[in-house]
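Per-entry structural report
Each chain, letter by letter, is given below.
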Amino acid sequence: MDNTILISILSMAGLGLFFAVVLAIVNQKLKIKEDPLVEKLEGVLPRLNCGACGFANCHIYAEKLAKKEVSPNQCRAGGEEVTNKISEILGVSAERPEKKAGIVHCGADASKRKKKAVYTGIKTCIAAHATSGGEIFCEYGCLGYGDCMRACPFGGIEIVNGLAKINPDICTACGKCATACPRGLITVEKITSKDFIYVACSNLDKGADTRKVCPVGCIACGICQKLTEGIFHVEGNLSRVDYEKLTGLSNTDEVVKKCPTKCIVHI
Amino acid sequence: MVNLVLIFLAASITHNIVLTYFLGVCPFIGVSKKIEQAVGMGLATTFVMTVAAIVTWLIYHFILIRFGLPFLQYVSFIIVIASLVQIVEMFIRKFSPPLYRALGIYLPLITTNCAILGLTLFMVLRDYDFFESVVFGLGSGAGFTLALIIMAGIREELECCDIPKPLEGAGITLIIAGILALTFMGFSGLISN
């Protein structure tokens, strides 16, 4: 009996020792050199994994930061606060991130859109868009079921009277809404000044056709083009804007006022 | 040879470790949300099962039986499984960090996965020889992976379904697991073990 106890203890201890040694060896062989700097940087980042910095998640951005391959002002979700913290850790001077925000290129809310039918299907934009364009005549306009609102990780989009509105103060320009919109109405632009104006329409039909389906659609009259000398230009029946050059525009109010369908609006 | 094929088929289909013996239900429910993760978890578990079958067979026959200590099988088997899982975890962390992050807590939980301890104990109970044990380990792993992938496939489809509110999440998953187990009972007459 004494013998059994002794053998039990010895054999189990032997087994334990054997596996401990194996584990120790494997641990040494497969050791990962995790940079403490990466961990520190990742702790500062918001960990939303929104991808606005251009990397798949915060961890990869932190790795790139540690290697000093990217500048610390790429985190749009964290804004200035995070940029400052990163610069502090890395010991470099911070540059201000440019303010960017998403813009909805449609200005027709539910009261302005002309309806062709009643849509009772699944209440998402992508479903309505696939069902012969939902219930509105305009093939380009906002459907108002809020796919962008649900895609926004920050709650910066509301649907006001059937039209998506992006709050530029909350918007971090991650661009998730732009991918979510089946009609491609949302673009991310540099907000250069408080006087930022944009064309709230995406309709590529001829002016007369646009007028039939929407009271606030761009009819490609070209007035804005004449008033701004190159910043606005009409192409493919739609007024387009070189948003980077907007700062050089002096007669912003005049452009907004003279647009016959009032589709050029302030942010 | 025929015997080995039968053991493999029995372990993976007719006597599926998850859907017939209801072992390893925790990872079965926990890591079956996406097929990708299910495959990763299934392969990791299969690997641990096969190696555990080999090592525990050797230990049982060359240490426990020889010294007359078969009552220590639980303790020694748990040591083997825990160590193996540690090794697999280090391996995955080194070579596939995304899988490591996706499996999360379920990877260390393979340690306490009753499917693996169950497998080693069945092996002893049924008096398998060495090759039979290896095939049994492989078969059980394949069965576990199969169950996980089927479940993940159903749950991916389920994302688009209108599920009654009280049943969302674990509720509907357990119901599906029950129905899956019922369907696997249909195989039960194929091979007598």
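What comes next is a walk through the structure.

Rules and cut-offs
Residues numbered from 1 in each chain as written. Chains lettered and ligands numbered in written order. Predicted model: local features only at pLDDT ≥ 70, side-chain atom pairs only at ≥ 80, totals over all residues. Helix = DSSP H or I, 4+ residues; strand = E, 2+ residues; numbered from the N terminus. Buried ≥ 20, exposed ≤ 12 C-beta atoms within 10 Å, placed from the backbone. Contact = placed C-beta atoms within 7 Å. Nonpolar A, V, L, I, M, F, W, Y, C, P; charged D, E, K, R; others polar. Core = buried A, V, L, I, M, F, W, Y, C linked by C-beta atoms within 7 Å. Domains from an automatic or database assignment. Axes fitted to C-alpha atoms, helices over the stretch in contact; angles between N-to-C directions. Parallel < 35°, antiparallel > 145°, perpendicular 65-115°, else oblique. Arc of directions from axis to C-beta. Pairing = 2+ DSSP bridges. Left-handed = near helix turned anticlockwise from the far one by under 90°.

Description of the overall build of chain A
Counting its regular elements, chain A contains 10 helices and eight strands. By residue count, 32% of the 267 residues in chain A fall in the buried class. Taking as baseline every contact in chain A between residues at least 6 positions apart, the subset at least 24 positions apart corresponds to 57%.

Regarding the interface of chain B and chain A
Facing the 14 residues of chain B at the interface are 13 residues of chain A. Here the element with the most residues in the side of chain B that touches chain A is helix α4 (residues 73–95) of chain B; it accounts for 10 residues. When the residues that make up the side of chain B that touches chain A are grouped by side-chain class, the tally is nine nonpolar, three polar and two charged.

Thoughts on helix α1 (residues 2–14) of chain B
Looking at α1 of chain B, one finds that the buried residues are Ile7, Ala10, Ala11, Ser12 and Thr14 of chain B. In the core, the buried residues of α1 of chain B are packed alongside α8 (130–158) of chain B.

A short note on the nonpolar core
By size, the foremost hydrophobic cluster in this structure holds 61 residues, and its most contacted members are Leu45, Val104, Cys106, Cys142 and Val199 of chain A. Counting only elements with at least two residues in this core, the list comes to α2 (36–44), α3 (58–66), α4 (79–90), β1 (100–104), α5 (125–130), β3 (163–166), β5 (197–199) and β7 (238–241) of chain A. Here this core gathers at least three residues from each of two domains, domain 1 (36–90) and domain 2 (100–266) of chain A. Beyond its immediate chain neighbours, meaning those up to four positions away, Val199 of chain A contacts His105, Cys218, Ser239, Val241, Cys263 and Ile264 of chain A. Leu23, Ile92, Ile116 and Ala142 of chain B belong to the second largest nonpolar core, which has 49 residues in total.

Some words on the packing of helix α1 (residues 2–29) of chain A against α4 of chain B
Two elements in contact, α1 of chain A and α4 of chain B, have axes separated by 10 Å at closest approach and are oriented at 0°. The angle between α1 of chain A and α4 of chain B places the two elements in the roughly parallel class. Packed against α1 of chain A, whose contacting residues are Met12, Leu15, Gly16, Phe19, Val22, Leu23, Val26 and Asn27 of chain A, the element α4 of chain B presents Val75, Ser76, Ile79, Ser83, Gln86, Ile87 and Met90 of chain B at the interface. Its residues placed into classes, the contact of α1 of chain A with α4 of chain B shows 10 nonpolar, five polar and no charged.

A short note on unusual backbone geometry
Excluding glycine, residues mostly carry a negative phi; peptide bonds, for their part, are mostly trans. Backbone geometry places Ala220 of chain A, a non-glycine residue, at a positive phi of 55°. Position of Ala220 of chain A relative to the elements: it lies in the loop between α8 (207–213) and α9 (223–228). One non-glycine residue, Asp127 of chain B, lies in positive phi territory at about 60°. If you trace the backbone, Asp127 of chain B turns up in the loop between α7 (114–125) and α8.

Considerations on α3 of chain A
All names here are of chain A. Among the residues of α3, those classed as buried are Cys58, Tyr61, Ala62 and Leu65. Each buried residue of α3 lies within a common arc of 100° when the element is viewed along its axis, so the set occupies one face. The inward-facing, buried residues of α3 contact α2 and α4.

Here we look at the pairing of strand β2 (residues 157–160) of chain A
Sheet faces and side chains relate simply in a regular strand, where the side chains alternate between the two faces. Pairing between β2 of chain A and β3 of chain A: four bridges, direction antiparallel. Considered in β3 of chain A, the bridge of Val160 of chain A is made with Leu163 of chain A.

Thoughts on the packing of helix α3 (residues 35–64) of chain B against α7 of chain B
All names here are of chain B. α7 packs onto α3 with a crossing angle of 40° between their chain directions and a minimal axis gap of 10 Å. Of the possible angle classes, the one that applies to α3 and α7 is oblique. Once α3 is placed against α7, the crossing between them reads as right-handed. Residues Val48, Met49, Ala52, Ala53, Thr56, Trp57 and Tyr60 of α3 form the contact with α7, whose participating residues are Ile116, Leu119, Thr120, Met123 and Val124. A per-class count over the contact of α3 with α7 returns 10 nonpolar, two polar and no charged.

Focus on the environment of Met149 of chain A
Residue and element names in this part refer to chain A. Looking at the secondary structure, you find Met149 in helix α6 (residues 147–151). With 19 C-beta atoms packed within 10 Å, Met149 lands in the partly exposed category. Here the alpha-carbon distance between Met149 and Ile166, two residues 17 residues apart in the chain, equals 8.8 Å. Look past the residues within four positions of Met149 in its chain and what remains in contact with it is Ile157, Glu158, Ile159 and Ala164.

Notes on the pairing of β1 of chain A
Residue and element names in this part refer to chain A. Burial of β1 is extensive: four of the five residues sit out of reach of the surface. In this sheet, strand β4 (residues 186–190) lies alongside β1 in antiparallel orientation, the contact comprising five bridges. Within the sheet, the bridge partner assigned to Ala101 lies in β4 and is Glu189.

Some words on the environment of Ile89 of chain A
Residues and elements named next belong to chain A. By secondary structure assignment, the location of Ile89 is in helix α4. Along the primary structure Ile89 and Leu37 are separated by 52 residues, whereas in three dimensions their C-alpha atoms are 8.3 Å apart. Sequence-distant contacts of Ile89, defined by excluding residues within four places in its chain, comprise Lys40, Leu41 and Val44.

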